[in-house]
Amino acid sequence: MVMVFYGSNGKSNPVSMENKLEHQTENQITYDVHLPSDLGMLYKVRLGLQSLENNISQLSLRHLKIQNTSTLDTFSLTINKTLPLSPNGDRWIEFPIQWPLKEALSVVTYHLTVFSRNILNETNSVHMTACIYGTHGDTGDRSLLQSLQNVQQGEKNKSFLVIVDAVDLGELEKIVLLISSKTDCKLEVEKLHVQEAAKEHPIYVFEVNEEFSVSANKPEIQREIPGSFVIRGEKEMNDIDNNLNKEGSQVKNLTEYTIKVYTGDKRGAGTDANVHIILFGNEDKSEVFQLSQSLEHQNPFERGKVDTFKIKTKKIGSLRSIEIGHDGKGFASGWFLEKVEITDAARNSVHCFNCNRSVDQSIITLHMLFSF
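Bear in mind the structure is a predicted one, so any value in this text is a computation, not a measurement. (Residues numbered from 1 in each chain as written. Predicted model: local features only at pLDDT ≥ 70, side-chain atom pairs only at ≥ 80, totals over all residues. Heavy atoms only, no water.)

Peer 1: Quick question: what am I supposed to make of the sheet that holds strand E23 (residues 289-291) here?
Peer 2: Neighbouring strands of a sheet are bound in pairs by backbone hydrogen bonds; such pairs are parallel or else antiparallel. Taken in spatial order, the four strands of this open sheet run E23-E22-E25-E28, and their pairing is antiparallel. Single-partner strands in this sheet number two, and they are E23 and strand E28 (363-367). Averaged over all adjacent pairs, the angle separating strand axes in this sheet is 30°, with direction ignored. Two elements, strand E22 (residues 275-281) and E23, share three bridges in a ladder whose sense is antiparallel. Looking across to E23, one finds that Ile-277 is bridged to Phe-289. (Pairing = 2+ DSSP bridges. Helix = DSSP H or I, 4+ residues; strand = E, 2+ residues; numbered from the N terminus. Axes fitted to C-alpha atoms, helices over the stretch in contact; angles between N-to-C directions.)

Peer 1: Would you mind going over the pairing of strand E16 (residues 172-181) with me for this structure?
Peer 2: Strand residues, when the strand is regular, have side chains that alternate between the two faces of the sheet. Judged by how many residues are buried, E16 sits mostly within the fold: eight of 10 residues are covered. The sheet contact formed by strand E11 (residues 126-134) and E16 spans nine bridges and is antiparallel. Residue pairing across strands places Val-126 opposite Ser-181, the latter belonging to E16. Note: E16 against strand E19 (residues 220-226), seven bridges, orientation antiparallel. Looking at E19, one finds that Lys-174 is bridged to Pro-226. (Buried < 20%, exposed > 50% of the residue type's maximum accessible area, 1.4 Å probe, protein only.)

Functional significance is not addressed by these values, which are geometric in nature.
In structure tokens form, the structure reads like this:
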């Protein structure tokens, strides 16, 4: 059993109960937990099973009591739940901490919808988790493929629903996806939708638009997906549906771009961070594209190398500028970007965007230097 404590000053690392000093009586076990830093006023606790093996035994929880041995502040809660919550289901539960004269956060059921073209064909070989982050903390890694709900299939895509119970996350900010497999597979993830089960709105939309290639050389892929936009009412939903219908009828009019990224040839120029790009035209802008599948190299953005990527997006008009950046993840994430060249297949034109500087911030904007 593992516990994670959340407070006003941050959260603890997962605390395993396995090796803690314990005092056991009938139907009751007391653990002494020493947190390495002051978390401030605790506001929630996440409790779960560390193992992800399917043959794990069930754990029945009846009552929980937490006491600060210095201040004697005490919190107690009746749980009456068994982990996992269902066969092959979620292995974590969260509960808010109620202090006197302070209103506790509520437990919310979230619906996470995954839109993908082929992920349902890979569920026997791949493990996929998502951690949802909000202004009130995060959910921790929750399995997306343990128990699929409400699978829907259509001509353009497939989707499935994952139910996540968590203490109110506040305004949602990002999702971190972790994909791993012991065999070679490719997963095409288009986008993620998150909303409270009890409400039609808001719907938080996270655009992914990436094919993840997992192999023996790269058995695990992690991506941080920032929020794209929020649908807060019926009108916005109708507008998006209308746009999707228009795009669906004009799939053949998608524009293909070839993106060549030049990393500088100097010490420390390369990066292991996850790089993304947005294209801006005189009519519209593209989605956020993760540049992960280089046509030349297994590990893109190495010193002195050129990496080529192909993307397809809606009509944005004549290309004017780009935004490019990275998430700062990985060892030596600083990146010296020399330039970006983008070929517009529809117009048979090449656009050059010079940079010649380090990209240490999350996003930089580059304007077109010349085209031919």
